[in-house]
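One letter stands for each residue in the lines below.
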Amino acid sequence: MSNVDESQPLITHLVELRNRLLRSVICIALVFVALVYFSNDIYHFVAAPLTNVMPKGATMIATNIQTPFFTPIKLTAIVAVFISVPYLLYQVWAFVAPALYQHEKRMIYPLLFSSTILFYCGVAFAYYVVFPFVFSFFTQTAPEGVAIATDISSYLDFALALFLAFGVCFEVPIAIILLCWTGVTTVKALSEKRPYIIVGAFFIGMILTPPDVFSQTLLAIPMILLFELGLLVARFYQPKEDESAVENTEESNKME
């Protein structure tokens, strides 16, 4: 009888997890269905930073027969996930919230919201700042006699890689806040390591961006500025001395 009782909470959590995942998939599917008719327009919008700076008469190409159809569809599916991120994060929050203490809920909710905004800001920065600058440089420095004709599938892979790189790297303040909040490190310790972190930012920019100094710098500089922002905000998220006492009190209340 005790084994059955112990298995019930696990089954309940698994059912809850299944329902949250199902709702997330349905949300993505609904957004995809609403956008699929405009898939070619969406691709045109994403490709605009390159097509706007290409030489007169130059166009993008498709090297495979199925590419003109599947590439915009692939992009639309990714955009559907991108748009659904707030709802997906809500599902994650709703699943883990019952297991959190009250003070943890007050701290994590703004972190979830700000992490979403920062990821969107990273993608927007890549699209509106990095892409025009980098593509303009690449197209203007092509050797004479070389025709610029980028494959649409290759461009999409390139653009998505940069979107992901900038979106993730813009989460630096959240990472710093979590590290300081959990006690892994402190604001003072991170401040003392500032020279190494600046070098690390340029190293990450070198790995995640194309092999040119411009895009590497355009990623490294925002990361450094966001690092400073994270240090500033993390001062308000450092663990307090009486935090363990609060956790013990809440744990005893839960047991009752």
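- By the naming in an unreviewed UniProt entry, the protein is Sec-independent protein translocase protein TatC, taken from Haemophilus haemolyticus.
- Looking at the protein in UniProt, the text filed under Function (unreviewed entry) is "Part of the twin-arginine translocation (Tat) system that transports large folded proteins containing a characteristic twin-arginine motif in their signal peptide across membranes. Together with TatB, TatC is part of a receptor directly interacting with Tat signal peptides."
- Per UniProt, the protein carries the Sequence similarities (unreviewed entry) text "Belongs to the TatC family."

**Observations concerning the overall build of the protein**
Okay, step 1: Looking only at helices and strands, the protein has 10 helices and 0 strands in total.
Okay, step 2: Helices and strands appear in the protein in the N-to-C order α-α-α-α-α-α-α-α-α-α.
Okay, step 3: For the protein, with 256 residues in total, the buried portion stands at 37%.

**Considering the layout of surface pockets**
Okay, step 1: One number sums up the size of the largest pocket: a volume of about 480 Å³.
Okay, step 2: Lining the largest pocket are 17 residues, with Val46, Val79, Phe82, Val123 and Phe163 positioned closest to its centre.
Okay, step 3: Mapped onto the lining of the largest pocket, the elements with two or more residues apiece are helix H2 (39–51), helix H3 (67–96), helix H4 (102–140) and helix H5 (152–169).
Okay, step 4: Looking at which element gives the most residues to the lining of the largest pocket, the answer is H3, with 6 residues.
Okay, step 5: For the lining of the largest pocket, the residue count by class is 17 nonpolar, no polar and no charged.

**Considering the packing of aromatic side chains**
Okay, step 1: This structure, assessed with the given rule, holds 15 aromatic pairs.
Okay, step 2: When the centroid spacing of 6.5 Å and the interplanar angle of 75 degrees are considered together, the rings of Tyr43 and Tyr155 count as edge-to-face. Taken as a pair, Tyr43 in helix H2 and Tyr155 in helix H5 lie far apart in primary sequence, 112 residues in all. By the burial criterion, Tyr43 is buried, and Tyr155 matches it.
Okay, step 3: Considering the side-chain rings of Phe135 and Phe158, the 5.8 Å spacing of their centres and the 45 degrees angle between planes classify their relative orientation as tilted. Taken together, the residues span a long stretch of sequence, with Phe135 in helix H4 and Phe158 in helix H5 at a distance of 23 residues.
Okay, step 4: Look at Phe135 and you get buried, because its relative accessible area is 5%.
Okay, step 5: Taking the relative accessible area as the measure of exposure, Phe158 reaches 26% and is therefore partly exposed.
Okay, step 6: Through pairs of rings, three or more aromatic residues link up here, namely Tyr43, Phe45, Tyr127, Tyr128, Phe131, Phe135, Tyr155, Phe158 and Phe163.

**Thoughts on the side chain of Thr116**
Okay, step 1: Along the chain, Thr116 falls in helix H4.
Okay, step 2: With residues up to four places along the chain from it excluded, the contact list for Thr116 reads Val85, Pro86 and Leu89.

Basis of the calculations
- Along every chain, residues carry numbers that run from 1 in the direction the sequence is written.
- Per-residue local features are limited, in this predicted model, to residues with pLDDT of at least 70; the limit for side-chain atom pairs, both in listing and counting, is 80 or more; totals at the level of whole chains, interfaces and linings are taken over all residues.
- To get the side-chain values, take all heavy atoms of the structure and skip hydrogens and water.
- UniProt positions are given in the numbering used here, feature names are shortened, and annotations may be inferred rather than shown by experiment.
- Segments assigned H or I by DSSP are reported as helices when at least four residues long, segments assigned E as strands when at least two residues long, and all are numbered from the N terminus.
- Accessible area is worked out with a 1.4 Å probe on protein chains only. A residue is then buried under 20% of its type maximum, exposed over 50%, and partly exposed in between.
- Using only the protein atoms, space was sampled on a 1 Å grid; points where a 1.4 Å probe fits but cannot get out form cavities, open sets with protein on both sides within 12 Å along at least five of seven lines form pockets, and lining residues are those with an atom within 4 Å of a point.
- Grid points are joined across faces, edges and corners, and a volume is the space filled by probe spheres set on the points.
- Ten residue types, Ala, Val, Leu, Ile, Met, Phe, Trp, Tyr, Cys and Pro, are classed as nonpolar, four, Asp, Glu, Lys and Arg, as charged, and the remainder, Gly among them, as polar.
- Centres within 6.5 Å are what make two rings of Phe, Tyr or Trp a pair, Trp counting through its six-membered ring; a difference in plane orientation under 30 degrees is then read as stacked, over 60 as edge-to-face, and the rest as tilted.
- The contact criterion used throughout is that any non-hydrogen atoms of two residues lie within 4.5 Å.

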